[in-house]
Amino acid sequence: MAKHEVSRRGFLSAAAAVAGATALPWKASAASLGLQQRGGRGPMPDRIELLAEPFPLKQVRLLDSPFLEAAQVNDAYLQSLPAERLVHMFRVTSGLPSSAQPLGGWESPTTELRGHFTGHYLSSVGLRYSMTGEDAVKQQGDAIVSDLAACQKANRNGYVSAFPEEFFDRLANDKAVWAPFYTLHKIMAGCLDMYTHCGNQEALAVAEGMADWVGHWCKGMGDDQMQRVMRTEFGGLAESLWNLGAITGNYGYTATARRFEKTTFLDPLAAHRDQLKGLHVNTHIPQVIGAAREYELTGNPRYHEIAHYFWHEVVGERSYAPGGTSNGEGWDTDPGQLGHALSRSSQECCCGYNMLKLTRHLFTWTADPRYFDYYERTLWNSRLGTQHPGDSGKMYYFPLQTGWWKYFSSKTNSFWCCDGTGAEEFSKFGDSIYFRSANAVFVNLFIPSEVRWPEKGLTLRQETRFPDEEGTTLRITAAQPLEMALNLRIPSWTAAGGSASVNGQKLEAFSNPGSYLTIRRTWKSGDVVSLKLPMALRAEPLKGDDTQQAPMYGPLVLAARLGSDGLSTAMQYDVDTGGTQVAPRGRPEGLAAIALQPGETGQEAAWIKKGQGLSFQTTGQAAATELVPLHQILGERYAVYWQMNRPAPGFRRG
Ligand SMILES: [Zn+2]
């Protein structure tokens, strides 16, 4: 989260986005849910053809897996937060009585970002309601929405926030203020998610009131002044305004969305120029998500180019092996040059969250399975392991410099941006496993789950212990025989020997890694499809420096276990009271270096051998080091990138 504008190094902390588009139906949102339109207008349909769309979240259920466990830990945390504490500063700001105990960290009564987490909370509650159908979750969200509506009524002008309007005066007058539009965006997105997932009409009305207020505020600003305003982080406000326009059919909201186009950032992208160096990362990814949504709703190719070019540049040139991006919250190098960009503060977690969100958009435009190579890698390595499995604390940075450790938020004294995006991420693991087109299902992730397609009378149940099991099994239930294509993603990491079988009979054909295996037939109840996806070891060089390499097995980054000497519990958690801190203190310890044999590049990963299950060890070195999947590392120092030391010319191992 950038404190004030793009000062590159002094970034105090975190940032991020919404749940908006992940959740909003892709074509005719409100209509497809049977919800009433306001003002008699119809929803605004997409202007582009989507080649795949996600199943509504409520039609997907997670089965036993690390993802379900993590979702439940997150659930318990969400339910432990009292609604009255989450709305306390909103009520105080609107002059309404509240005797609740204020929250701490970035939600404290004196923090300029206060209120942001309440928005994330509403998004998370909406997503969880869709995923579980549990009423208790929904009621908590409904109660908060009612309070926000009461605050809005008291303010009389549509404004709803946990800080006063004076913050926006500071913004207009080029005075320092943290990120007021960023915060407003979270709240608006939270309300939209409560409407979309829970059918909460009051939430839509609150979002519309807020959008009216934003529109009015912007009308008083000239274009140059708006460009200056956008030097302060404003999150995915444009995306939410586009979504609101799509739901309501109100073009006023999309006109306001267009005021939030930061030309110094978007114009170079439209021209395919990487001018990202020096920018704060998570300030900008949500702007591209807004551009993606604009492309969908207008068909304007400029916004396709922006989103497409940006995604490929960030993933191809500015991302680490686990899938994350950013160092010290910024892009601080030339493209493809990450040699000096490993630190304690690599990979802000919000960036992974937002890149996954953007990836979903690009996938629906093309149905290209390679987008899910990135999605899967980032989900497993940069998202799943960023929540403490015991108490749901979330990570802010994901240190990639050797010898650091995972560091987690406190329950009520952190409320970092990454707590907010984390709460959303862990609420919606079902949103990207399956997609569909008119007569096909796409299976993109290997996560135990069930998807229902009532219009087709189809239920697809996926059973797997992936990645412990190198493959998956799909069981079909069909109300009547159903002719349909099943598109099974064959990941780019698939090693030799992959195969598929239907009802125990091995298919003669298979597909290349990085493509779909399409099985088109008349499906009936009891059909079983099995997929064998062998994994292999390899090591990926850091972009721009092949002497530093990250070992991988299938989609999993393997982390070296460097022990927990001197690592106290206090060093792994943010404090419960007082000032919050977003990164571990102390110093990195431990080495991860490999002596290569003559002729080796390291990338063959001949220096690692596999043991039982997903345990690994270095081999041929002075001492053996254990490796485990990065998402499992907890409570100890680790290394992701190893230093490859080539033998001197003429060296011979004795
Ligand atoms: Zn963050």
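Up top is the structure these notes are about.
Computed from a predicted model, the values in this text were never measured in an experiment. (Residues numbered from 1 in each chain as written. Predicted model: local features only at pLDDT ≥ 70, side-chain atom pairs only at ≥ 80, totals over all residues. Heavy atoms only, no water.)

**Re the packing of helix H5 (residues 116–132) against helix H8 (residues 180–198)**
Logical step 1: It is the contact of H5 with H8, at a shortest axis distance of 7 Å, that shows an interaxial angle of 20°. Overall, the two elements H5 and H8 adopt an arrangement that is roughly parallel. Helix-helix and strand crossings are classified by hand; for H5 and H8 the assignment is left-handed. For the pair formed by H5 and H8, the contact residues are His116, Gly119, His120, Leu122, Ser123, Val125, Gly126, Leu127, Tyr129 and Ser130 on the first element and Tyr182, Thr183, Lys186, Ile187, Ala189, Gly190, Cys191, Asp193, Met194, His197 and Cys198 on the second. (Axes fitted to C-alpha atoms, helices over the stretch in contact; angles between N-to-C directions. Helix = DSSP H or I, 4+ residues; strand = E, 2+ residues; numbered from the N terminus. Parallel < 35°, antiparallel > 145°, perpendicular 65-115°, else oblique. Left-handed = near helix turned anticlockwise from the far one by under 90°. Contact = heavy atoms within 4.5 Å.)

**As for the environment of Arg383**
Logical step 1: Residue placement: Arg383 occurs in helix H17 (residues 370–383).
Logical step 2: If sequence neighbours within four positions are ignored, Arg383 has contacts with Cys349, Gly352, Tyr353, Leu356, Thr378, Thr421, Gly422, Glu425 and Phe426.
Logical step 3: A polar side-chain atom of Arg383 sits 2.5 Å from a polar atom in the side chain of Glu425. (Polar contact = N/O pair within 3.5 Å; in protein donor to acceptor, adjacent residues only side chain to side chain.)

**Observations concerning the pattern of salt bridges**
Logical step 1: All told, the structure shown has 34 salt bridges when counted by the stated rule.
Logical step 2: Here Glu589 makes a salt bridge to Arg587, at a shortest N to O gap of 3.8 Å.
Logical step 3: Several salt bridges converge on common partners, so that one network encompasses Arg360, Arg383, Glu425, Lys428 and Asp431. (Salt bridge = Lys/Arg side-chain N within 4 Å of Asp/Glu carboxyl O.)

**Overview of helix H18 (residues 417–425)**
Logical step 1: A large share of H18 lies buried, amounting to nine of its nine residues.
Logical step 2: Listed as buried for H18 are Cys417, Cys418, Asp419, Gly420, Thr421, Gly422, Ala423, Glu424 and Glu425.
Logical step 3: Where H18 is buried, its residues meet helix H3 (66–80), H5, H8, helix H16 (349–366) and H17. (Buried < 20%, exposed > 50% of the residue type's maximum accessible area, 1.4 Å probe, protein only.)

**Details of the coordination of the zinc ion**
Logical step 1: At the metal site, the zinc ion is ligated by Glu348 (OE), Cys350 (SG), Cys417 (SG) and Cys418 (SG), and these contacts range over 2.1 to 2.2 Å.
Logical step 2: For the zinc ion, the four donor atoms in the first shell make angles of 98 to 116° at the metal, so the coordination geometry reads as tetrahedral.
Logical step 3: One chain supplies every donor to the zinc ion, and in sequence these donors are spaced E-x1-C-x66-C-C. With a gap of 70 residues between them, Glu348 in the loop between helix H15 (301–317) and H16 and Cys418 in helix H18 connect regions that are remote in the sequence. (Donors = N, O, S within 2.8 Å, 3.2 Å for Na, K, Ca; no water. Tetrahedral: all angles 85-135°; square planar, octahedral: opposite > 155°, others 65-115°.)

**Here we look at the environment of Met571**
Logical step 1: Among the structural elements, Met571 can be located in the loop between strand E15 (556–561) and strand E16 (593–595).
Logical step 2: On a C-alpha basis, the gap between Met571 and Asn300 in space is 50 Å, while along the polypeptide they are 271 residues apart.
Logical step 3: Setting aside chain neighbours within four positions, we find Met571 in contact with Trp405, Tyr407, Gly566, Pro584 and Arg585.

**Considering the sheet that holds strand E10 (residues 505–506)**
Logical step 1: What the seven strands build is an open sheet, ordered E2-E5-E6-E7-E12-E9-E10; its pairing is antiparallel. What marks the edges here is a single partner per strand, and that holds for strand E2 (60–62) and E10.
Logical step 2: Judged from the four bridges that link them, strand E9 (residues 499–502) and strand E12 (residues 528–532) form a sheet pairing that is antiparallel. Note that in E12 the partner of Val502 across the bridge is Val529. (Pairing = 2+ DSSP bridges.)

**Considerations on the packing of H5 against H18**
Logical step 1: Where H5 contacts H18, the two axes come as close as 8 Å, and the packing angle between them is 10°. As the angle between them shows, H5 and H18 are arranged roughly parallel. Here His116, Phe117, His120, Ser123, Ser124 and Leu127 of H5 lie close against H18, whose contacting residues are Cys417, Asp419, Gly420, Thr421, Ala423 and Glu424.
Logical step 2: Looking at the contact of H5 with H18, its residues break down into four nonpolar, six polar and two charged. (Nonpolar A, V, L, I, M, F, W, Y, C, P; charged D, E, K, R; others polar.)

**With respect to the sheet that holds strand E11 (residues 515–523)**
Picture the strands of a sheet paired through backbone hydrogen bonds; they go either parallel or antiparallel.
Logical step 1: An order of E1-E3-E4-E8-E11 is seen for the five strands of this open sheet, with the pairing classed as mixed. Whereas interior strands pair on both sides, the edge strands pair on one side only; in this sheet they are strand E1 (53–54) and E11.
Logical step 2: In the sheet, strand E8 (residues 482–490) pairs with E11 via nine bridges, with the strands oriented antiparallel. The residue bridging Arg489 from the neighbouring strand is Tyr516, located in E11.

**Quick notes on the pairing of E15**
Logical step 1: Burial of E15 is extensive: five of the six residues sit out of reach of the surface.
Logical step 2: Both strand E14 (residues 545–553) and E15 contribute to a ladder of two bridges, which runs antiparallel. Pairing of Met552 across the sheet is with Val557, part of E15.
Logical step 3: Here E14 folds back onto E15 in antiparallel fashion, the turn holding two residues, of which Gly554 has a positive phi close to 60°.
Logical step 4: In this sheet, strand E19 (residues 626–629) lies alongside E15 in antiparallel orientation, the contact comprising three bridges. Residue pairing across strands places Ala559 opposite Val628, the latter belonging to E19.
Logical step 5: Bridging between E15 and strand E20 (residues 638–639) involves two bridges; their strand directions are antiparallel. The residue of E20 that forms the bridge with Arg561 is Tyr638.

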